[in-house]
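Structural overview
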Amino acid sequence: MPLASTRRTGLVDQVISQLRAQIDSGEWGVGDRIPTESELSDQLEVGRNTVREAVRALAHAGLLEIRQGAGTFVRASSELGGALRRRLERSRIRENLEVRRALEMEAARLAALRRTDEDLADIDRALALRDSAWRERDMSSFVEADFTFHRAVVNATHNPLLIELYDDIASVVYDSIAQSALLQASPEDLDHARLGEAIREGDQARALREAACYLDELLARADD
(Lines give C-alpha, C1' and ligand atoms only; values in the text may rest on other atoms or scores of the structure.)
Protein backbone atom coordinates (compact mmCIF):
# COMPACT_ATOMS: atom_id res chain seq x y z
CA MET A 1 0.00 0.00 0.00
CA PRO A 2 2.76 2.55 0.80
CA LEU A 3 4.47 1.66 -2.48
CA ALA A 4 1.28 2.32 -4.50
CA SER A 5 0.81 5.61 -2.69
CA THR A 6 4.36 6.70 -3.50
CA ARG A 7 4.00 5.87 -7.19
CA ARG A 8 0.67 7.66 -7.35
CA THR A 9 2.06 10.77 -5.69
CA GLY A 10 5.04 10.72 -8.00
CA LEU A 11 2.76 10.55 -11.02
CA VAL A 12 0.73 13.52 -9.83
CA ASP A 13 3.94 15.47 -9.26
CA GLN A 14 5.09 14.66 -12.79
CA VAL A 15 1.82 15.96 -14.23
CA ILE A 16 2.08 19.09 -12.08
CA SER A 17 5.59 19.67 -13.42
CA GLN A 18 4.44 19.31 -17.03
CA LEU A 19 1.47 21.62 -16.58
CA ARG A 20 3.65 24.14 -14.78
CA ALA A 21 6.16 23.97 -17.65
CA GLN A 22 3.40 24.91 -20.11
CA ILE A 23 2.70 28.01 -18.02
CA ASP A 24 6.36 28.88 -17.43
CA SER A 25 7.15 28.66 -21.15
CA GLY A 26 4.23 30.93 -22.08
CA GLU A 27 2.57 28.16 -24.07
CA TRP A 28 -0.40 28.76 -21.81
CA GLY A 29 -0.67 32.47 -21.12
CA VAL A 30 -2.56 34.23 -18.35
CA GLY A 31 -6.26 34.12 -19.22
CA ASP A 32 -5.92 31.14 -21.56
CA ARG A 33 -8.22 28.16 -21.21
CA ILE A 34 -6.19 24.98 -20.84
CA PRO A 35 -7.16 21.63 -22.42
CA THR A 36 -9.96 19.71 -20.76
CA GLU A 37 -9.37 17.05 -18.16
CA SER A 38 -10.11 14.37 -20.75
CA GLU A 39 -7.73 15.92 -23.31
CA LEU A 40 -4.93 16.22 -20.76
CA SER A 41 -5.50 12.63 -19.66
CA ASP A 42 -5.09 11.43 -23.26
CA GLN A 43 -2.07 13.62 -23.99
CA LEU A 44 -0.23 12.67 -20.78
CA GLU A 45 -1.41 9.05 -20.83
CA VAL A 46 -2.52 9.13 -17.22
CA GLY A 47 -5.85 8.70 -15.49
CA ARG A 48 -8.30 11.54 -15.18
CA ASN A 49 -8.08 11.41 -11.38
CA THR A 50 -4.36 12.10 -11.63
CA VAL A 51 -4.99 15.09 -13.90
CA ARG A 52 -7.73 16.31 -11.59
CA GLU A 53 -5.41 16.23 -8.56
CA ALA A 54 -2.66 18.05 -10.45
CA VAL A 55 -5.05 20.75 -11.65
CA ARG A 56 -6.46 21.21 -8.16
CA ALA A 57 -2.94 21.54 -6.74
CA LEU A 58 -2.08 24.25 -9.25
CA ALA A 59 -5.41 25.97 -8.60
CA HIS A 60 -4.63 25.96 -4.87
CA ALA A 61 -1.23 27.50 -5.68
CA GLY A 62 -3.02 30.26 -7.58
CA LEU A 63 -1.73 29.35 -11.05
CA LEU A 64 -5.01 27.96 -12.37
CA GLU A 65 -8.66 28.87 -11.89
CA ILE A 66 -11.39 26.26 -12.21
CA ARG A 67 -14.64 27.77 -13.47
CA GLN A 68 -17.57 25.42 -13.25
CA GLY A 69 -19.17 24.94 -16.65
CA ALA A 70 -16.50 26.99 -18.43
CA GLY A 71 -13.25 25.10 -17.94
CA THR A 72 -9.90 25.77 -16.32
CA PHE A 73 -7.96 28.94 -17.02
CA VAL A 74 -4.44 30.21 -16.32
CA ARG A 75 -4.75 32.64 -13.46
CA ALA A 76 -1.10 33.64 -12.96
CA SER A 77 2.31 32.74 -14.30
CA SER A 78 3.85 32.11 -10.88
CA GLU A 79 2.87 31.28 -7.31
CA LEU A 80 3.91 34.78 -6.30
CA GLY A 81 1.64 36.24 -8.97
CA GLY A 82 -1.21 34.03 -7.83
CA ALA A 83 -0.81 35.11 -4.22
CA LEU A 84 -0.57 38.75 -5.24
CA ARG A 85 -3.64 38.46 -7.43
CA ARG A 86 -5.67 36.94 -4.60
CA ARG A 87 -4.55 39.75 -2.31
CA LEU A 88 -5.44 42.43 -4.83
CA GLU A 89 -8.88 40.92 -5.35
CA ARG A 90 -9.59 41.65 -1.66
CA SER A 91 -8.40 45.23 -2.01
CA ARG A 92 -10.37 48.41 -2.51
CA ILE A 93 -10.25 50.22 -5.85
CA ARG A 94 -7.93 52.87 -4.42
CA GLU A 95 -5.42 50.25 -3.31
CA ASN A 96 -5.49 48.65 -6.76
CA LEU A 97 -4.98 52.02 -8.42
CA GLU A 98 -1.98 52.71 -6.19
CA VAL A 99 -0.40 49.41 -7.25
CA ARG A 100 -1.11 50.24 -10.89
CA ARG A 101 0.47 53.65 -10.39
CA ALA A 102 3.70 52.17 -9.07
CA LEU A 103 4.00 49.67 -11.90
CA GLU A 104 2.83 51.84 -14.78
CA MET A 105 4.92 54.88 -13.91
CA GLU A 106 8.14 52.87 -14.02
CA ALA A 107 6.87 51.05 -17.12
CA ALA A 108 6.31 54.39 -18.87
CA ARG A 109 9.82 55.56 -18.04
CA LEU A 110 11.47 52.34 -19.21
CA ALA A 111 9.30 52.23 -22.34
CA ALA A 112 10.55 55.70 -23.31
CA LEU A 113 14.09 54.42 -22.88
CA ARG A 114 13.81 51.06 -24.64
CA ARG A 115 10.86 51.16 -27.08
CA THR A 116 11.33 49.74 -30.56
CA ASP A 117 9.50 50.58 -33.78
CA GLU A 118 7.37 47.46 -33.25
CA ASP A 119 6.52 48.59 -29.72
CA LEU A 120 5.47 52.02 -31.01
CA ALA A 121 3.27 50.43 -33.65
CA ASP A 122 1.52 48.34 -30.97
CA ILE A 123 1.04 51.43 -28.79
CA ASP A 124 -0.34 53.49 -31.68
CA ARG A 125 -2.71 50.70 -32.69
CA ALA A 126 -4.07 50.39 -29.16
CA LEU A 127 -4.50 54.17 -28.88
CA ALA A 128 -6.48 54.28 -32.13
CA LEU A 129 -8.80 51.49 -30.97
CA ARG A 130 -9.18 53.15 -27.60
CA ASP A 131 -10.09 56.55 -29.03
CA SER A 132 -12.56 55.01 -31.47
CA ALA A 133 -14.30 53.06 -28.69
CA TRP A 134 -14.54 56.21 -26.54
CA ARG A 135 -16.11 58.24 -29.36
CA GLU A 136 -18.67 55.51 -29.94
CA ARG A 137 -19.27 55.18 -26.18
CA ASP A 138 -18.56 51.45 -26.49
CA MET A 139 -17.28 50.98 -22.95
CA SER A 140 -16.61 47.27 -23.28
CA SER A 141 -14.34 47.85 -26.27
CA PHE A 142 -12.86 50.91 -24.56
CA VAL A 143 -11.81 48.91 -21.50
CA GLU A 144 -10.32 46.21 -23.72
CA ALA A 145 -8.38 48.73 -25.81
CA ASP A 146 -7.25 50.66 -22.74
CA PHE A 147 -5.85 47.50 -21.20
CA THR A 148 -4.16 46.61 -24.49
CA PHE A 149 -2.52 50.04 -24.49
CA HIS A 150 -1.15 49.68 -20.97
CA ARG A 151 0.01 46.15 -21.75
CA ALA A 152 1.81 47.46 -24.85
CA VAL A 153 3.60 50.09 -22.76
CA VAL A 154 4.69 47.44 -20.24
CA ASN A 155 5.90 45.17 -23.04
CA ALA A 156 7.96 48.06 -24.39
CA THR A 157 10.05 48.03 -21.20
CA HIS A 158 11.63 44.74 -22.31
CA ASN A 159 11.97 43.91 -18.63
CA PRO A 160 10.88 40.24 -18.33
CA LEU A 161 10.26 40.47 -14.58
CA LEU A 162 8.11 43.58 -14.85
CA ILE A 163 6.17 42.08 -17.76
CA GLU A 164 5.62 38.86 -15.83
CA LEU A 165 4.46 40.73 -12.74
CA TYR A 166 2.03 42.78 -14.81
CA ASP A 167 0.75 39.60 -16.47
CA ASP A 168 0.23 38.03 -13.07
CA ILE A 169 -2.13 40.82 -11.99
CA ALA A 170 -3.58 41.38 -15.47
CA SER A 171 -7.15 40.49 -14.56
CA VAL A 172 -7.05 42.75 -11.51
CA VAL A 173 -5.68 45.61 -13.62
CA TYR A 174 -8.41 44.92 -16.18
CA ASP A 175 -11.07 45.09 -13.47
CA SER A 176 -9.48 48.28 -12.16
CA ILE A 177 -9.72 49.84 -15.62
CA ALA A 178 -13.36 48.83 -15.88
CA GLN A 179 -14.12 50.32 -12.46
CA SER A 180 -12.20 53.48 -13.34
CA ALA A 181 -14.28 53.92 -16.49
CA LEU A 182 -17.34 53.97 -14.24
CA LEU A 183 -15.89 56.97 -12.44
CA GLN A 184 -17.00 58.97 -15.48
CA ALA A 185 -13.71 60.71 -16.13
CA SER A 186 -13.71 63.21 -18.97
CA PRO A 187 -12.10 62.47 -22.37
CA GLU A 188 -9.27 64.83 -21.43
CA ASP A 189 -8.58 62.90 -18.23
CA LEU A 190 -8.59 59.63 -20.13
CA ASP A 191 -6.39 60.85 -23.00
CA HIS A 192 -3.22 58.78 -23.32
CA ALA A 193 -1.95 60.34 -26.55
CA ARG A 194 0.52 62.51 -24.64
CA LEU A 195 1.97 59.46 -22.94
CA GLY A 196 2.33 57.77 -26.31
CA GLU A 197 4.13 60.85 -27.67
CA ALA A 198 6.53 60.97 -24.71
CA ILE A 199 7.42 57.31 -25.23
CA ARG A 200 7.92 57.87 -28.95
CA GLU A 201 10.21 60.83 -28.29
CA GLY A 202 12.18 58.90 -25.68
CA ASP A 203 11.40 61.51 -23.04
CA GLN A 204 11.58 59.53 -19.81
CA ALA A 205 10.73 62.40 -17.48
CA ARG A 206 7.68 63.39 -19.51
CA ALA A 207 6.51 59.78 -19.81
CA LEU A 208 6.76 59.51 -16.03
CA ARG A 209 4.73 62.68 -15.54
CA GLU A 210 2.06 61.66 -18.05
CA ALA A 211 1.61 58.26 -16.43
CA ALA A 212 1.35 59.85 -13.00
CA CYS A 213 -1.12 62.45 -14.28
CA TYR A 214 -3.93 60.15 -15.40
CA LEU A 215 -3.49 57.75 -12.49
CA ASP A 216 -3.51 60.59 -9.96
CA GLU A 217 -6.72 61.86 -11.54
CA LEU A 218 -8.33 58.44 -11.19
CA LEU A 219 -7.13 58.22 -7.59
CA ALA A 220 -8.68 61.60 -6.84
CA ARG A 221 -11.98 60.47 -8.35
CA ALA A 222 -11.85 57.23 -6.37
CA ASP A 223 -11.91 59.32 -3.19
CA ASP A 224 -15.04 61.27 -4.28
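Here the structure is a predicted model, which means the values were calculated and not measured.

In terms of regular secondary structure, the protein is built from twelve helices and two strands. Along the protein, helices and strands appear, N-terminal first, in the series α-α-α-β-β-α-α-α-α-α-α-α-α-α. Evaluated residue by residue, the protein yields a buried proportion of 42% over its 224 residues. Taking as baseline every contact in the protein between residues at least 6 positions apart, the subset at least 24 positions apart corresponds to 69%.

A separate point is the layout of surface pockets. Estimated volume of the largest pocket: approximately 300 Å³. As for the largest pocket, its lining consists of 17 residues, of which E37, V55, I66, G71 and T72 are closest to the centre. Elements supplying a minimum of two residues to the lining of the largest pocket: α2 (37-44), α3 (48-60), β1 (64-67) and β2 (71-74). Looking at the lining of the largest pocket, the element that brings in the most residues is α3, giving four residues.

Another point: the nonpolar core. One finds I123, F149, V153, L195, I199 and A207 to be the most contacted residues of the largest nonpolar core, which totals 36 residues. In this structure L195 touches A108, F149, A207, E210, A211 and Y214, once residues within four positions along its chain are discounted.

The next thing to look at is the confidence of the model for the protein. Residues at a pLDDT of 70 or more form 83% of the protein, whose mean pLDDT is 83. Averaged pLDDT values over the elements of the protein bottom out at 52 in helix α10 (residues 187-190) and peak at 96 in helix α11 (residues 193-201).

Put simply, α2 and α3 touch, their axes get as near as 9 Å, and they point 110° apart. By the angle between their directions, the pair α2 and α3 is classed as roughly perpendicular. Viewed along their axes, α2 and α3 form a crossing whose handedness is right-handed. For the pair formed by α2 and α3, the contact residues are E37, S38, L40 and S41 on the first element and R48, V51 and R52 on the second. A breakdown of the residues in the contact of α2 with α3 according to their chemical character gives two nonpolar, two polar and three charged.

Bringing the pairing of β1 into the picture now. Pairing between β1 and β2: four bridges, direction antiparallel. Looking at β2, one finds that E65 is bridged to F73. With antiparallel pairing between neighbouring strands as the criterion, β1 and β2 make up a hairpin whose turn holds three residues, including G69 at a positive phi of roughly 85°.

Moving on to unusual backbone geometry. Positioned with a positive phi, R137 is a non-glycine residue whose angle comes to about 55°. Mapped onto the fold, R137 is located in the loop between α6 (117-135) and α7 (139-155). By relative accessible area, which is 53% here, R137 ends up exposed.

Turning to the pattern of salt bridges, a few remarks are in order. As enumerated under the stated definition, the model contains twelve salt bridges in all. Where E106 meets R109, a salt bridge forms, and the shortest distance between an N and an O atom there is 2.7 Å. With a gap of three residues between them, E106 and R109 both fall in helix α5 (residues 93-114), about one helical turn apart. D122 serves as the salt-bridge partner of R125, at 2.9 Å between the closest nitrogen and oxygen. Of this pair, R125 and D122 both sit in helix α6, three residues apart, roughly one helical turn. Beyond isolated ion pairs, a larger network of salt bridges with shared partners links E37, R48 and R52.

Below, the discussion takes up the packing of aromatic side chains. Tallied over the entire structure, the rule returns one aromatic pair. Aromatic side chains W134 and F142 sit 5.2 Å apart centroid to centroid with 55° between the ring planes, which places their arrangement in the tilted category. The two residues W134 and F142 agree in class, both being buried. The lysine or arginine in question, R67, covers the ring of F73, its NZ or CZ lying 4.0 Å from the ring centre.

Scoring rules and cut-offs
Residues numbered from 1 in each chain as written. Predicted model: local features only at pLDDT ≥ 70, side-chain atom pairs only at ≥ 80, totals over all residues. Heavy atoms only, no water. Helix = DSSP H or I, 4+ residues; strand = E, 2+ residues; numbered from the N terminus. Buried < 20%, exposed > 50% of the residue type's maximum accessible area, 1.4 Å probe, protein only. Contact = heavy atoms within 4.5 Å. 1 Å grid on protein atoms, 1.4 Å probe; cavity = no way out; pocket = protein on both sides within 12 Å on 5 of 7 lines; lining within 4 Å. Points joined across faces, edges and corners; volume = space filled by probe spheres on them. Core = buried A, V, L, I, M, F, W, Y, C linked by side-chain atoms within 4.5 Å. pLDDT = per-residue confidence, 0-100. Axes fitted to C-alpha atoms, helices over the stretch in contact; angles between N-to-C directions. Parallel < 35°, antiparallel > 145°, perpendicular 65-115°, else oblique. Left-handed = near helix turned anticlockwise from the far one by under 90°. Nonpolar A, V, L, I, M, F, W, Y, C, P; charged D, E, K, R; others polar. Pairing = 2+ DSSP bridges. Salt bridge = Lys/Arg side-chain N within 4 Å of Asp/Glu carboxyl O. Phe/Tyr/Trp six-rings, centres within 6.5 Å; stacked < 30°, edge-to-face > 60°. Lys NZ or Arg CZ within 6 Å of the ring centre and 35° of its normal.

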